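Next come the chains, spelled out residue by residue.
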Amino acid sequence: MEKPKFKTVQEVVAAGQGLPERYLHAPTGEGESQPLNGAVPEMDIPAIDLSLLFSSSVDGQEEMKKLHSALSTWGVVQVMNHGITEAFLDKIYKLTKQFFALPTEEKHKCARETGNIQGYGNDMILSDNQVLDWIDRLFLTTYPEDKRQLKFWPQVPVGFSETLDEYTMKQRVLIEKFFKAMARSLELEENCFLEMYGENAVMNSRFNFFPPCPRPDKVIGIKPHADGSAITLLLPDKDVEGLQFLKDGKWYKAPIVPDTILITLGDQMEIMSNGIYKSPVHRVVTNREKERISVATFCVPGLDKEIHPADGLVTEARPRLYKTVTKYVDLHYKYYQQGRRTIEAALI
Ligand SMILES: O=C(O)CCC(=O)C(=O)O
Ligand SMILES: [Fe+2]
């Protein structure tokens, strides 16, 4: 299969020929009048104890209220007691760092091929005038297992593939619990969202690498977007900030809380919740001195599934806001590169 001719950001930096114009970001749209590398306040989101959400104790009910409040205002929560040990998360961070530190030729063994989103590469180039994000990534479908394309899974660092397989299985347990908790927090039958999400739901893990950037005022790590998934599990860098969320036209930085997993709702969850829960717009800014990594797992409903607002959330007082959608992610990539919000296409 043909490999596309692309240069990753790491290769651009190594070439030492200055910053190509294609990375220069022209600010447009909501909240973009603030400078890209200006100071922003920290967002105020709770760390939710996942194990407490299934308890009928007073503490459990409090935790449920916190979940409801965070998802309806921000659409994002930190989750603790998620069942994955700190040592295991550290292993993922370490393997991610090691992968991106490999020589170019070694990383290119996993390089993306034309027309395939899986593999190692730069920001996907969909049009000639697209401003590029300052990011290199390795994108791998991890579930269902028959959708894995193992030729893109790194052989080095040793243990990468085994650890990713193990991480996938651990995340599946967490995902199921989280969907049940969300349904309960909206007083719905606990399998209501899981049934729509489906048995054939797909998990895509994206390992992100943001090299230090000479112009953090003009270059962005990831353009403002909302995820096209149902939910996204994120391991943000443990030391370097960069992730920001937009609320009421203002950017806020995500706090770094050790050992938590950040769960962000995607558009498909906003649709299923009839807009009660939000799919937040977020972006990643760059850093002049430090490299940054993150690992995002996009949990996408089965392609055979029709996604629509849950019946129990459509009332006379709160009419149905979204159409029924299928294969939402296909539409999402196109809208993303045009800087448009896909969810607008789903509005009634
Ligand atoms: O790097 C991060 O912290 C966020 C990544 C992200 O938003 C994404 O991959 O969609
Ligand atoms: Fe995202």
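Residues numbered from 1 in each chain as written. Chains lettered and ligands numbered in written order. Predicted model: local features only at pLDDT ≥ 70, side-chain atom pairs only at ≥ 80, totals over all residues. Heavy atoms only, no water.

Our next topic: the site of ligand 1. Around ligand 1, the structure places 14 residues, and the nearest of them are Arg206, His225, His282, Arg292 and Ser294. Aspartate 227 places a polar side-chain atom, nitrogen or oxygen, 3.4 Å from an oxygen atom of ligand 1. Coverage of ligand 1 by the protein amounts to 98% of the 300 Å² it exposes when considered alone. Secondary-structure elements contributing two or more residues to the shell around ligand 1 are β5 (202-210), β6 (220-225), β11 (282-285) and β12 (292-300). (Near = heavy atom within 4 Å. Polar contact = N/O pair within 3.5 Å; in protein donor to acceptor, adjacent residues only side chain to side chain. Areas by Shrake-Rupley, 256 points an atom, 1.4 Å probe, with all protein chains shown as cover. Helix = DSSP H or I, 4+ residues; strand = E, 2+ residues; numbered from the N terminus.)

Distances from the iron ion (ligand 2) to its protein donors, namely His225 (NE2), Asp227 (OD) and His282 (NE2), fall within the range 2.1 to 2.3 Å. The sequence pattern describing where the donors of the iron ion (ligand 2) fall on their chain is H-x1-D-x54-H. Linking histidine 225 in strand β6 with histidine 282 in strand β11, this pair joins segments that are 57 residues apart in sequence. For the residue pair histidine 225 and histidine 282, the accessibility class agrees, reading buried in each case. (Donors = N, O, S within 2.8 Å, 3.2 Å for Na, K, Ca; no water. Buried < 20%, exposed > 50% of the residue type's maximum accessible area, 1.4 Å probe, protein only.)

A word on the sheet that holds β5. Pairing in this open sheet of eight strands is mixed, and the strands run β1-β2-β10-β7-β12-β5-β4-β3 from one edge to the other. Looking at strand neighbours, the two that pair on one side only are β1 (47-49) and β3 (119-122), the edges of this open sheet. For this sheet the average axis-to-axis angle between neighbouring strands, irrespective of direction, equals 25°. Alignment of strand β4 (residues 136-143) against β5, held across seven bridges, turns out to be antiparallel. Counterpart to aspartate 136 in the pairing with β5 is phenylalanine 209. (Pairing = 2+ DSSP bridges. Axes fitted to C-alpha atoms, helices over the stretch in contact; angles between N-to-C directions.)

Looking now at the sheet that holds β6. Taken in spatial order, the four strands make up an open sheet running β6-β11-β8-β9, and their pairing is antiparallel. The sheet is open, and its two borders are formed by β6 and β9 (250-253), each paired with just one other strand. Averaged over all adjacent pairs, the angle separating strand axes in this sheet is 30°, with direction ignored. Direction of pairing for β6 relative to β11: antiparallel, over a ladder of three bridges. In the strand pairing of β11, isoleucine 220 is matched with valine 285.

This part takes up the UniProt feature "domain: Fe2OG dioxygenase" (unreviewed entry) in the chain. Following the UniProt record, one finds the feature "domain: Fe2OG dioxygenase" (unreviewed entry) at residues 198-301. Structurally, residues 198-301 is divided into 6% helix and 46% strand, and its ends, taken at the C-alpha atoms, are 6 Å apart. (UniProt positions renumbered as here; feature names shortened; annotations may be inferred.)

Extensive coverage of strand β7 (residues 231-236) is indicated by the burial of six of its six residues. Alternating positions in β7 separate into two faces, Ile231, Leu233 and Leu235 on one and Thr232, Leu234 and Pro236 on the other, with burial throughout. Bridging between β7 and strand β10 (residues 261-265) involves four bridges; their strand directions are antiparallel. By the bridge assignment for β10, threonine 232 is matched with threonine 264. Two elements, β7 and β12, share six bridges in a ladder whose sense is antiparallel. Note that in β12 the partner of leucine 233 across the bridge is threonine 297.

Below, the discussion takes up helix α3 (residues 86-100). Taking 1.5 Å of rise per residue, the 15 residues of α3 would be expected to cover 21 Å, and the 22 Å separating its terminal C-alpha atoms lies within 8% of that figure. Within the sequence span of α3, burial applies to Phe88, Leu89, Ile92, Tyr93, Leu95, Thr96, Phe99 and Phe100. Here the buried residues of α3 occupy an arc of 165° about the axis, which is enough to place them on one side. Facing away from the buried side of α3 by more than 90 degrees, the exposed set consists of Ala87 and Lys94. (Expected span 1.5 Å × (residues − 1). Arc of directions from axis to C-beta.)

For the rest of this paragraph, the subject is the nonpolar core. Judged by nonpolar contacts, the single largest core of 69 residues is most densely connected at Phe178, Phe179, Met182, Phe193 and Ile231. Ranked by the residues each element gives to this core, the list is headed by helix α5 (residues 160-185), at 10 residues. Excluding its chain neighbours within four sequence positions, the residues that come into contact with phenylalanine 179 are Glu190, Phe193, Leu194, Tyr197, Ala230, Ile231 and Met269. Among the nonpolar cores identified, the runner-up in size contains 19 residues, and Ile45, Val202, Ala254 and Tyr336 belong to it. (Core = buried A, V, L, I, M, F, W, Y, C linked by side-chain atoms within 4.5 Å. Contact = heavy atoms within 4.5 Å.)

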